[in-house]
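Chain by chain, the residues run as shown.
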Amino acid sequence: MDMWNRRGFLGGLAAATVSGTAWAGPRPVVRRDFVLCLDAGHGGDNDGCRSRDGVLEKNVTLQTVLALQAAVLERLPHVQVVLTRDSDKSCTLADRVAFANGAKADAFLSIHTNASESRAQHGFETYVLDARASSLEAARTARRENDEGLAEPGTARAGAEVDTMLRQLEMAQQRVSAGRLAKAIQGHQQHAFPDRLDRGVRQAPFDVLMGARMPAVLFESGFLDHAEEGALLMSDAGMTRVVSSLTDAVVDFYRLQARTGS
Ligand SMILES: [Zn+2]
């Protein structure tokens, strides 16, 4: 986020210099670089869950992600949207996180559909990494990075402690931002689907959210194996509404990040 702030700040400075005029009135929202990583759950030989008539989660998530990429780019053409997969291919959870980190994404959004044993559950929910997993992951990442470093004997332990602390602070900040994105997603879905169950923002130690060095959330758009909800999610109208509400949430989050820089 630091880099991102700096780029934004310098960008604003350059614009002011070029125009040669002082800012007057309210400051416009400055355009900034922003990379959104979208992750279509499952894929390849991992089907995910399935609807009552055999539609596979991996195909619904891919369709959602492709439509969402197009919709976000239409609203925010200067944002870069990268996909962990854009076809029906296998992809490990670690690969997905590594890809998002490598792309230096500013936000990570993993898309899934749900299923329940009773086939009776329904509703949409968004997950953020829980605090305990977040803290453990921070310690693990810091330790790994420290082990890979060339710390002098005797300084390694102190270095590891500092790194762990810094990484924990970083992840705490990411969780705050992830919470904002999750809240925006739930809010817009609730607005678009007032008759469906809002299961809220939840916390879980999802592997695909661990190790992500940016705000990361996992959205469960609904229960594919629920008779009515499944049919809605697979319909063109339902898919369009899910995607346009997700787009609204991404735009909200982007604007908030651009304003607060955190
Ligand atoms: Zn899934």
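Note on numbering: residues in each chain are counted from 1, in written sequence order. Reporting in this predicted model follows two pLDDT cut-offs: at least 70 for local features of residues, and 80 or more for side-chain atom pairs to be given and counted; totals over whole chains, interfaces and linings ignore these cut-offs and use all residues. Calculation of side-chain values draws on the structure's entire complement of heavy atoms; hydrogens and water are dropped beforehand.

**A few points about empty space enclosed by the protein**
Using protein atoms alone on a 1 Å grid, points that fit a 1.4 Å probe yet trap it form a cavity, whereas open point sets bounded by protein on both sides within 12 Å along at least five of seven lines form a pocket; residues with an atom within 4 Å of a point count as lining. Grid points are joined across faces, edges and corners, and a volume is the space filled by probe spheres set on the points. Applying the stated criterion across every chain, the model contains 2 cavities of 30 Å³ or more. By volume, the largest cavity amounts to about 90 Å³. If you go around the largest cavity, the residues you meet are Val128, Leu129, Met171, Gln174, Arg175, Ala178, Leu209, Ala212, Met214, Pro215 and Ala216. What counts as a helix is a DSSP run of H or I of at least four residues, what counts as a strand is a run of E of at least two, and both are numbered from the N terminus. For the lining of the largest cavity, the elements supplying multiple residues, two or more each, are strand S4 (124-129) and helix H5 (156-192). For the lining of the largest cavity, the element with the highest residue contribution is H5, accounting for 4 residues. Just so you know the grouping, Ala, Val, Leu, Ile, Met, Phe, Trp, Tyr, Cys and Pro go in nonpolar, Asp, Glu, Lys and Arg go in charged, and all remaining residues, Gly too, go in polar. Across the lining of the largest cavity, the residue classes break down as 9 nonpolar, 1 polar and 1 charged.

**Considerations on a nonpolar patch on the surface**
Judged by side-chain polarity, Val162, Leu166 and Leu169 come together as a nonpolar surface patch covering roughly 290 Å² of accessible area. When accessible area is computed with a 1.4 Å probe and restricted to protein chains, residues below 20% of their type maximum are described as buried, those above 50% as exposed, and intermediate ones as partly exposed. Given the relative accessible area of 56%, Leu169 is considered exposed. Surface patches are drawn from residues lacking salt bridges whose relative accessible area is over 30%; two like charges belong together within 9 Å, two nonpolar side chains (Val, Leu, Ile, Met, Phe, Trp, Tyr) within 5 Å. All accessible areas in this document rest on Shrake-Rupley with a 1.4 Å probe, and a residue is counted as covered only by the protein chains that are shown. A carboxyl oxygen of Asp or Glu within 4 Å of a side-chain nitrogen of Lys or Arg is what we treat as a salt bridge.

**Points about the pattern of salt bridges**
The tally for this structure, following the rule as stated, stands at 10 salt bridges. In this structure, the salt-bridge partner of Arg213 is Glu170, at a minimum N-O distance of 3.2 Å. With Arg213 in the loop between strand S5 (198-204) and strand S6 (216-223) and Glu170 in helix H5, the pair connects residues that are 43 residues apart, well separated along the chain. You can call Arg213 partly exposed: its relative accessible area is 32%. Because the salt bridges share partners, they merge into one network encompassing Asp47, Arg50, Lys58 and Asp88.

**Here we look at the environment of Leu224**
Locating Leu224 in the fold gives a position in the loop between S6 and helix H6 (227-234). The exposure class of Leu224 is buried, given its relative accessible area of 1%. Note: C-alpha distance between Leu224 and Asn114 (110 residues apart in sequence) is 5.9 Å.

**Thoughts on the sheet that holds S6**
Either a parallel or an antiparallel arrangement is found when strands of a sheet pair, and the pairing is made through backbone hydrogen bonds. Strand pairing follows a simple DSSP-based rule, namely that at least 2 bridges must link the two strands. With mixed pairing, 6 strands are arranged side by side in an open sheet as S2-S1-S3-S6-S4-S5. Of all strands in the sheet, those with a lone pairing partner are strand S2 (80-83) and S5, marking the two edges. Here the strands of the sheet are splayed against their neighbours by 20 degrees on average, with no regard to which way each runs. Sheet analysis places S4 next to S5, joined by 5 bridges and oriented parallel. Bridging from a neighbouring strand, Leu129 pairs with Ala204 of S5. Set on the sheet, helix H2 (residues 57-75) makes contact with strand S1 (35-40), S2 and strand S3 (107-114); between it and S3 the angle comes to about 140 degrees. As a rule, the C-alpha atoms of each element are fitted with a line to give its axis, helices using only the stretch in contact, and angles between N-to-C directions run from 0 to 180 degrees. Between two residues, a contact is recorded if the distance between any of their heavy atoms is within 4.5 Å.

**What to know about the coordination of the zinc ion**
Sites may look incomplete because water is not among the atoms; the donors themselves are N, O and S atoms within 2.8 Å of the metal, or within 3.2 Å for Na, K and Ca. Within the protein, the atoms that donate to the zinc ion are His42 (NE2), Glu57 (OE) and His112 (ND1), at distances of 2.1 to 2.2 Å. Between consecutive donors of the zinc ion, the numbers of intervening residues give the motif H-x14-E-x54-H. You can see His42 sitting in the loop between S1 and H2 and its partner Glu57 sitting in helix H2, a full 15 residues away along the chain. Owing to a relative accessible area of 18%, His42 belongs among the buried residues under this scheme.

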